[in-house]
Amino acid sequence: MNNQLLLTIKHTYFTHLKSKSFWWMVLGPFILLIVGAAIGAGFAFFQNDSPATVAVINQATVRAELKQHQNQLNIKISTITDEQTAQQALKKNQIDAILKIDDNQATLISQPKSNRVDQDQLQNFLKQLSLQDRAQQYGLDTEQINAITKPYKITGIVQDDHHSQDSTSNAIVNGLLTTGVSVIIMIIVMTYASIIANEIANEKSSRIMETLLAASSAHIQYLGKIMGVIALLATQLLAYLLAGTGAYLAARNQPIFQQGLKLLSGITPLFLIYTIFCILIATSLYLVLAAITASLVNDNSQIQQALSPITMLAMVPYLIGVLAGSMGNQNGLIKVISYIPFMSQSLMPGQLANHQASWLQAIISLALATLTLIALTHYGEKLYAKNVLSYSDENITKQLLQIFRRTKI
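Residues numbered from 1 in each chain as written. Predicted model: local features only at pLDDT ≥ 70, side-chain atom pairs only at ≥ 80, totals over all residues. Heavy atoms only, no water.

Student: Quick rundown of empty space enclosed by the protein? Include the residues and the values.
Tutor: Summed over all chains, the structure comprises two cavities of 30 Å³ or more. The volume enclosed by the largest cavity comes to roughly 70 Å³. In this structure, the largest cavity is lined by Tyr274, Cys278, Ile281, Ala282, Leu285, Phe342, Ser344, Gln345, Met348, Ser365, Leu366 and Ala369. Of all elements in the fold, only helix H12 (269–294) and helix H16 (359–387) reach the threshold of two or more residues within the lining of the largest cavity. If you tally residues by element for the lining of the largest cavity, the top one is H12, at five residues. (1 Å grid on protein atoms, 1.4 Å probe; cavity = no way out; pocket = protein on both sides within 12 Å on 5 of 7 lines; lining within 4 Å. Points joined across faces, edges and corners; volume = space filled by probe spheres on them. Helix = DSSP H or I, 4+ residues; strand = E, 2+ residues; numbered from the N terminus.)

Student: Got a sec to walk through the pairing of strand E3 (residues 97–101)? Specific residues and values, please.
Tutor: Most of E3 sits out of view: four of its five residues are buried. Relative to E3, strand E1 (residues 52–57) runs parallel, the two being bridged by four bridges. Along E3, the bridge assignment pairs isoleucine 57 with lysine 100. With five bridges joining them, E3 and strand E4 (residues 106–110) adopt antiparallel strand pairing. Its bridge partner being in E4, lysine 100 is matched across the sheet by threonine 107. (Buried < 20%, exposed > 50% of the residue type's maximum accessible area, 1.4 Å probe, protein only. Pairing = 2+ DSSP bridges.)

Student: Explain the pairing of E1 residue by residue, including any values.
Tutor: The element E1 is largely enclosed, with a buried count of six among its six residues. Here E1 shows two buried faces, one formed by Ala52, Val54 and Val56 and the other by Thr53, Ala55 and Ile57. Pairing geometry for E1 and strand E2 (residues 75–77), over three bridges, is parallel. Residue pairing in the sheet places alanine 52 in a bridge with isoleucine 75 of E2.

Student: Can you break down the packing of aromatic side chains residue by residue, with the values?
Tutor: Aromatic ring pairs: the centre-centre distance and the angle between the two ring planes describe each pair. Considering all chains together, one arrives at six aromatic pairs under this definition. Taken together, a centroid distance of 5.2 Å and an interplanar angle of 80° make the contact between phenylalanine 22 and tryptophan 23 edge-to-face. Owing to a relative accessible area of 3%, phenylalanine 22 belongs among the buried residues under this scheme. Ring centres of tyrosine 286 and phenylalanine 342 lie 5.3 Å apart, and the angle between their planes is 90°; on these two criteria the pair is classed as edge-to-face. With tyrosine 286 in helix H12 and phenylalanine 342 in the loop between helix H14 (332–337) and helix H15 (348–353), the pair connects residues that are 56 residues apart, well separated along the chain. On the accessibility criterion, tyrosine 286 (1% relative accessible area) is buried. (Phe/Tyr/Trp six-rings, centres within 6.5 Å; stacked < 30°, edge-to-face > 60°.)

Take a look at the structure:
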């Protein structure tokens, strides 16, 4: 490797590696997890789990049944049976709710500060009591009542050559995977595009760029900066991979962790390697675009303007990925977009993990993105060299459109 190129890579890499902002970015997800866990533990610690005290008005038989099953329903049946007395007790917060039962319906009255009553659970219980009462009126015995009231159950299974999974769990996991991958890649792409844009803008605004190009060349500076930032991203991904491996080794025997692994059966080591390559290729594509747009800025105040076209482009696969996570990956348009460079990185990993795309399709998608990266890098170098020493007051988007029309591949 050219010594000057290696020096540029090392300078870009170590400058950011030593910065506090990079390590805050790396440690940010872990800090969020710790803070989230602490908040969750705090909520759980201060959560009031005491049963709600309920006064049951009318229907002494129902009151007796509720009292017999009050632990199951997480309620406590009050001795108050008079409605007026119950209303006064509710106002004084001596009870949490009043349950008025008529022939075919019930009314649950509570206050905002009252302990919560699980209304769905209570409704199901009262429904069962009503069914049993009516069945007895028709002269049915206990066995016949149980046969009539037994709910009909249907279990959906999603099955392919790789695994079988409950359909409800499968839909939830598919949505989380697709949305999660889209969000993570969006954050990484925009973060590192901003890093390289700031790097180039700082050198242009301080007129250091002229000195750098006098000592080397636009080719060296262009490739060196991109490769240095990619090495920085690889370091961050390696840190997460090591942390994830450590967490797996520490918690692999825990029942909750085993249940999570069963749900996320599509996330295999090979899938993780594929996703890392997707992230690296996608980020490289956006880094090239960021280097091109940043070469047009005059000072740091124009960085956001330079990044706005990239932000809008990156938002498209992000939004499609979130939409795919909510509506499923079977849409024909989503399958087509999974092969389009700049877009595929947010969709194809989710399709692969959910067994909705084969490995051959995934490799084709990655190959198309790689070929696009090679062509764009070559083309972008010409644009970078042409504009990195130019200073224009025109709108950056307008300049971009002009240079794309004038520059041949």
